[in-house]
Amino acid sequence: MQRDLTNGSVFKNIVLFSLPFLFSYFLQTLYGMADLFIIGQFNSAESITAVSIGSQIMHMLTVIIAGLSMGSTVLIGQAVGSGKKNELSEITGTSITLFAILSIILTVSLFLLTPSIVNLVSTPVESIAEEISYLRICFIGLPFIIFYNVIASIFRGMGDSKTPLIFVLIACILNIALDFLFIGKFKMGASGASLATVISQTVSVIISLAALLCSKENIKLKKTDFKLSTYILSALLKIGLPIAFQDGFIQISFMVITIIANRRGISVAAAVGIVEKIITFLFLVPSSMLSSVSAIASQNIGAKKEDRAKKTLFYGTFIACTMGLIFTIIFQFAAKKTLSLFTDDLTVIHLGTEYLKAYVFDCIVAGVHFSFSGYFCANEKSILSFIHNALSIILFRIPGAYLASIYFPNTLYPMGIATVLGSLFSAIFCIIAYAIIEKSTYQRKSLQK
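Residues numbered from 1 in each chain as written. Predicted model: local features only at pLDDT ≥ 70, side-chain atom pairs only at ≥ 80, totals over all residues. Heavy atoms only, no water.

Asks: Explain the side chain of Ser153 here, please?
Replies: With respect to the helices, strands and loops of the structure, Ser153 is situated in helix H5 (residues 142-157). According to the relative accessible area criterion, Ser153 is buried, its value standing at 3%. In contact with Ser153, other than residues within four places in its own chain, are Ser69, Ser72 and Thr73. (Helix = DSSP H or I, 4+ residues; strand = E, 2+ residues; numbered from the N terminus. Buried < 20%, exposed > 50% of the residue type's maximum accessible area, 1.4 Å probe, protein only. Contact = heavy atoms within 4.5 Å.)

The structure is reproduced here in structure tokens:
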């Protein structure tokens, strides 16, 4: 289960580690979209809307939880890299206890607040009842969603990105099968979609927990490990909280931009919605690179091999930016045909093509700041990732989308460029922050000699 990422080819390590990560993200995105596709085959627009909005809310929660669990990945990676195997059980026990408490608090509070949440996101009246039902079932199953992310973070911290992929694959296959059963055969609508998701996540967690506990090499959990170690808890939150807030902030910004687009009319709303789905898939590469750089660099920093950690950052940036460049070139020519796969409305295709041709440049620039964010996280400086993303959203993304809607009402190209400018700011911020950290480290080492 444990894999040493502190030796061998850095480039080979990052490729072999990131590919399962990439497939995991792809499968999670796939079975998230499967709910929406399958319910569209058997139900009305009211059910489709309920699942669409409800799944957005659940995606936001999942992203925030995954960000917080990044703290566990980094601490475990550092412990593995430094050879301190005795710390693995304590870090794992503290992580499980923390997220168990968090799951209880979130499940109870969100279940009670469901009607208020549904009203807050302006759900159409026709879909309110189904969305409340959808969300409440999901909230009941939230502990299993939380624990999947915790267990996956533990495996990845130990250098194992393949095992979590197996868990996601099991959940994906089971979720799709249960969707057809509950939505198609039993006519359960939105409730069937949420029930399928919860059951598939539950099965996945049971299998992954069994795999973790049955491991013969690394983690031997005792009752005394399941306590909140003050030192470990502090370090975990120091790393995970900025990432969680950052990811939550990003999701909120997407919602705000969607609202701005919706106010420009139905054609603009449709075009933006389709392009966002396409970009979600393209961003799987920089997202997987962020997590991979974080996990691999953590082990090398723990092993006092800072040069290998830096090489991991540079290779990760190179891979993400290269793939981003390829996507950008492809969609300068294939944007129109791609939009045509989703709709035959010529206005939507035209607007979406403009938006995608501009927005896709973000895949290149995002490869820089995503990789640097992973490196900062491994160095327990994830607050830098939060700062650059928050400033990017406040200074560029939201204002840019708003100003583009006012001054360029007949095109979406400037709106796409606003997003790219936001990422460009983040990339420049990360490079400058890295240079300052390196200079400070060099000066400190010089004084010690």
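Asks: What's the story with helix H10 (residues 284-302) in this structure? I'm lost.
Replies: Every α-helix winds through 3.6 residues per turn, so residues three or four apart in the chain are directed the same way. Counted at 1.5 Å a residue, the expected span for H10 with its 19 residues is 27 Å, and the 27 Å between its end C-alpha atoms agrees. In terms of burial, H10 is a largely internal element, 18 of the 19 residues being buried. (Expected span 1.5 Å × (residues − 1).)

Asks: Honestly, a positive patch on the surface in this entry has me stumped. Any pointers?
Replies: A surface patch of positive charge is lined by Lys238, Lys381, Arg444 and Lys445. Take Lys381: it is sitting in the loop between helix H13 (362-378) and helix H14 (383-407). On the basis of relative accessible area, Lys381 is assigned to the partly exposed category, the value being 34%. (Patch = residues over 30% accessible without salt bridge, like charges linked within 9 Å, V, L, I, M, F, W, Y side chains within 5 Å. Areas by Shrake-Rupley, 256 points an atom, 1.4 Å probe, with all protein chains shown as cover. Salt bridge = Lys/Arg side-chain N within 4 Å of Asp/Glu carboxyl O. Lys, Arg positive; Asp, Glu negative; His and termini not counted. Charge placed at Lys NZ, Arg CZ, Asp CG, Glu CD.)

Asks: How should I be thinking about the layout of surface pockets in this particular structure?
Replies: Looking at the second largest pocket, its volume works out to about 480 Å³. Counting only elements with at least two residues in the lining of the second largest pocket, the list comes to helix H11 (306-340), H13 and helix H15 (413-448). For the lining of the second largest pocket, the leading source of residues is H15, giving 8 residues. Tallied by class, the residues present in the lining of the second largest pocket amount to 5 nonpolar, 5 polar and 8 charged. (1 Å grid on protein atoms, 1.4 Å probe; cavity = no way out; pocket = protein on both sides within 12 Å on 5 of 7 lines; lining within 4 Å. Points joined across faces, edges and corners; volume = space filled by probe spheres on them. Nonpolar A, V, L, I, M, F, W, Y, C, P; charged D, E, K, R; others polar.)

Asks: What am I meant to see in the side chain of Ser385 here?
Replies: Here Ser385 shows up in helix H14. In this structure Ser385 touches Ile243, Gln246, Ser373 and Phe376, once residues within four positions along its chain are discounted.

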